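Chains, contacts and geometry: an overview
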Amino acid sequence: AGVDQTVCANTDTFSLNGFVSNAGGGRWESSGLGSFIPDDTTLNAGYDITAADTANGFVTFVLRSMDNGLCNQVFDTMTLSFSPMARAFIGPFNTLCVNETGATMQGYVTNAGGMIWSSTGTGIFTLSNIDSIVTYTPSAADLTNGIAEISLVTTGNGICPSDTDRITLEIA
């Protein structure tokens with residue numbers, strides 16, 4: 001059945017790589033609710049992962065030998081674990097009205113090692129663009145444009161992709 005593996009929780013399908021010798025074939029079983037593609041007797045089948053599988057945190061696969069003749073059936077197991085997705089969140093708003101003194105925002109990340117703030121504008125972030133609480137001070141160009149998009153991106157996501165949350169600053 002192979003070695004235990006971990007995939008990101010947003011994975012839809014997992015490729016199994018079974019090997020059976022001295023038998024007529026093999027059959028996959030799973031502890032999950034997904035299905036084998038094209039079927040459970042294809043050694044290199046795909047497995048369609050369900051939301052219930054992901055919520056459970058893992059699926060255990062068993063590959064059993066079939067058509068063993070006079071020999072006993074043998075089996076091997078592997079566990080597929082799911083790494084949770086990173087999430088970014090900026091406060092409870094989608095749009096924030098600010099003046100030339102700027103806007104203080106708080107960002108939150110889960111299942112990530114850190115965060116980084118960025119802007120479509122040319123203003124500056126204080127304290128640092130990697131802190132959870134920042135103040136964005138608009139530049140003269142931002143004041144002229146009247147708008148800047150602020151993004152918060154997760155970092156240190158392990159095997160999962162980063163996540164981004166955005167808000168629009170309407171600058172008056």
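The coordinates are above.
Residues numbered from 1 in each chain as written. Predicted model: local features only at pLDDT ≥ 70, side-chain atom pairs only at ≥ 80, totals over all residues. Heavy atoms only, no water.

Overall, antiparallel pairing links the three strands, which are arranged S2-S5-S4 in an open sheet. Pairing within the sheet leaves two strands with one partner each, and these edge strands are strand S2 (13-15) and strand S4 (35-37). Averaged over neighbouring strand pairs, the angle between their axes works out to 30° when direction is ignored. Where S4 lies against strand S5 (residues 46-48), three bridges are found, and the strand directions are antiparallel. By the bridge assignment for S5, Ile37 is matched with Gly46. (Pairing = 2+ DSSP bridges. Helix = DSSP H or I, 4+ residues; strand = E, 2+ residues; numbered from the N terminus. Axes fitted to C-alpha atoms, helices over the stretch in contact; angles between N-to-C directions.)

In this description, an aromatic ring pair is defined by two values, namely the gap between the centres and the angle between the planes. Enumeration according to the criterion identifies eight aromatic pairs in this entry. Feature note: the residues Phe14, Trp28, Phe36, Tyr47 and Phe61 constitute an aromatic cluster, connected by ring pairs. Taking the ring centre of Phe75 as reference, the NZ or CZ of Arg64 above it sits at 5.1 Å. (Phe/Tyr/Trp six-rings, centres within 6.5 Å; stacked < 30°, edge-to-face > 60°. Lys NZ or Arg CZ within 6 Å of the ring centre and 35° of its normal.)

Among the structural elements, Ser139 can be located in the loop between strand S13 (133-137) and helix H2 (140-145). Ser139 sits in the buried class, given a relative accessible area of 16%. Distance from Ser139 to Ile124, taken between C-alpha atoms, is 7.4 Å for residues 15 residues apart in sequence. Here Ser139 is in contact with Thr122 and Gly123, once residues within four sequence places are set aside. (Buried < 20%, exposed > 50% of the residue type's maximum accessible area, 1.4 Å probe, protein only. Contact = heavy atoms within 4.5 Å.)

Now for the pattern of salt bridges. One pass over the structure, following the stated rule, counts four salt bridges. As a salt-bridge pair, Glu29 and Arg64 come within 2.8 Å of each other at their nearest N and O atoms. With Glu29 in strand S3 (residues 25-30) and Arg64 in strand S6 (residues 58-66), this pair connects stretches of sequence that are 35 residues apart. Here Arg166 makes a salt bridge to Glu149, at a shortest N to O gap of 3.5 Å. In this pair, Arg166 sits in strand S15 (residues 164-171) while Glu149 sits in strand S14 (residues 147-155), placing the two residues 17 residues apart along the sequence. Relative accessible area serves as the criterion here: at 30%, Glu149 is assigned to the partly exposed category. (Salt bridge = Lys/Arg side-chain N within 4 Å of Asp/Glu carboxyl O.)

Keep in mind these numbers describe shape, not what the thing actually does.
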